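# Geometric and topological summary
Spelled out from the first residue to the last, the chains are:
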Amino acid sequence: MNRTLIAHRVREQLEQFSGIVSPRFSKPRAKFVTQMLYGLQAKQDVKLSSIARALGEDIQPKKTEERLSHHLAVPGLAQTINEQIVKHAAARVKQDTLIVVDPTDVRKTHARHMPYLATVRDGSTGEFVPGYWACVAVACEVGRRRMTPLQMRLWSAEAPDFQSENTQLLQIIDTIRTATGNRGVYVMDRGADRMKLFSPLLARGLRFIVRLVGDRHLQYRNRLVSAAQIAADCPTIYTESLIRQDAQGEHRLLLHYGFRPVHLPGHTEPLYLVVVRGLGQAPMMLLTNVALHRSRKSLWFVVQGYLSRWLVEEAIRFIKQSYHLEDLRVLNYERLRNLVALVLAAAYFAAVWMGESLKLAVLTTRITQVAKRLFGVPDFHYYALADGLATLLSRLGRCRPRSASPPHSSDCQLALSFADL
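Values in this document were obtained by computation on a predicted structure and should not be read as measured data. Within each chain, residue numbers correspond to sequence positions counted from 1 in written order. Owing to the predicted nature of the model, reporting of local features is limited to residues with pLDDT of at least 70; listing and counting of side-chain atom pairs is limited to 80 or more, with chain, interface and lining totals taken over all residues. With hydrogens and water stripped out, all remaining heavy atoms of the structure feed into the side-chain values.

Our focus in this paragraph is the overall build of the chain. Only DSSP runs of H or I reaching four residues or more are called helices, and only runs of E reaching two or more are called strands; each is numbered from the N terminus. Scanning the chain from terminus to terminus reveals eleven helices and twelve strands. Relative accessible area decides the class of each residue, using a 1.4 Å probe on protein chains only: under 20% of the type maximum gives buried, over 50% gives exposed, and in between gives partly exposed. For the chain, the proportion of its 421 residues judged to be buried stands at 54%. Total accessible area computed for the chain in this model is approximately 18,600 Å², and 48% of it derives from carbon and sulfur atoms. Computed with a 1.4 Å probe, the accessible areas rest on the Shrake-Rupley method; for each residue, only the protein chains presented here act as cover.

Let's shift gears to the confidence of the model for the chain. The predictor attaches a confidence to each residue, and that confidence, scored 0 to 100, is pLDDT. Of all residues in the chain, 84% attain a pLDDT of 70 or more, and the chain-wide mean is 85. Only heavy atoms matter for contacts: two residues are in contact if any of them lie within 4.5 Å across the pair. A low-confidence stretch, residues 358–379 (pLDDT under 50), is modelled with 50 contacts involving residues beyond four sequence positions or located in other chains. Confidence drops under a pLDDT of 50 for residues 403–421, and excluding neighbours within four residues, the segment shows 40 contacts in the predicted structure.

Attention now goes to the side chain of Gln168. Structurally, the position occupied by Gln168 is in helix H6 (residues 165–180). Of the residues examined, Gln168 reaches a relative accessible area of 15% and is grouped as buried. Sequence-distant contacts of Gln168, that is, excluding residues within four places in its chain, are made with Trp155 and Phe162.

Okay, the packing of H6 against helix H7 (residues 195–203) next. One way to put it is that H6 packs onto H7 with a least axis distance of 10 Å and a crossing angle of 25 degrees. Classified by the interaxial angle, the pair formed by H6 and H7 is roughly parallel. Seen along the crossing, H6 lies across H7 with a hand that is right-handed. Contact residues: Asn166, Leu169, Leu170 and Ile173 in H6; Lys196, Leu197, Pro200 and Leu201 in H7. Considered class by class, the residues forming the contact of H6 with H7 number six nonpolar, one polar and one charged. Lines are fitted to the C-alpha atoms to define the axes, a helix being fitted only along its stretch in contact, and any angle between axes, read from their N-to-C directions, falls within 0 to 180 degrees. Angle categories: roughly parallel below 35 degrees, roughly antiparallel above 145, roughly perpendicular from 65 to 115, and oblique for all the rest. Should the near helix be turned anticlockwise from the far one by less than a right angle, the crossing is left-handed, and should it be turned clockwise, the crossing is right-handed. For this classification, Asp, Glu, Lys and Arg are treated as charged, while Ala, Val, Leu, Ile, Met, Phe, Trp, Tyr, Cys and Pro are nonpolar and the rest, including Gly, are polar.

This is the structure we're talking about:
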């Protein structure tokens, strides 16, 4: 197989994709988006110096870096990219597709002069370190690991335009629902256990599954009762077994689950407190407005829906690690936000666009089929795909315009086998 030819075809796909991401942009700005995506894929690095070297222009790399930095400061670029990504992805969001909204952190432990550095809690270590908050939203189907990136935004609590984390999360949700309507089920962890999120979600008519902290009070049988007390008295008559995989091997878990109909104080919308035992000492409590029909199937959908959120955490690691997101070094807040949006576009190109364009032929190795395996799953195929794209594009040596046609070959099928890379 002529891998140089395939690299040219991949670059053509990248140029087509950049036209989707940058609609109605001027030619210089559209060229900038294409080059940024090319450099991010070829070097798997967010540093502008690395991207400039990947472009291989006939000028000093410093001049290329200065031009990229100039375009990166365009106000509103991040919003446009996020809107275009979710618009393209909207067809993948069906009525019961999970939309996982997961805040994360970008730690900058050794940074001193980056703008509006805030204090964030490192999700891996629990330490409080300098950095930025971010949020990733991805779509996936229940119990599956194939994901579609929808949104990724960065913010600082120290920035002048910052209002609140609730405002940031609702802006992300509103951008998604504008493109997808009210399709999908929004899944969030305990950090979303807030009335300032529950009330807007209900007002917008969105379905959700949110894990409760435990100290929330709910209206149950005309009384205001703590969720923990309701969970303690809830019969869990249904049972399901799962396999837990970790460094010590595989362990079988037996989950028992049930539910109680409840209301939020001040709201009349019917809600359900789903109680799951078997994952820890305390029962897991999920608040949802997904209709339950007193059937195992509808109840298990809610339980699986939340458990699938843990599978999608691998998607966040993929985006952070494959593009070295925490190596951001630009010294302007607008550039920071725009660069994070371009990383989202690069991840979408690798995870979704190439899969569509190549009819999944690129995924010929290491596609892990996961059935009811929730913990410690091995690296999935997105890492191999991103590495393969970097290997191919690095063969071109530079980002030439589309007019530079690849050599003719009878093997023009866009088929990538990572066994050949």
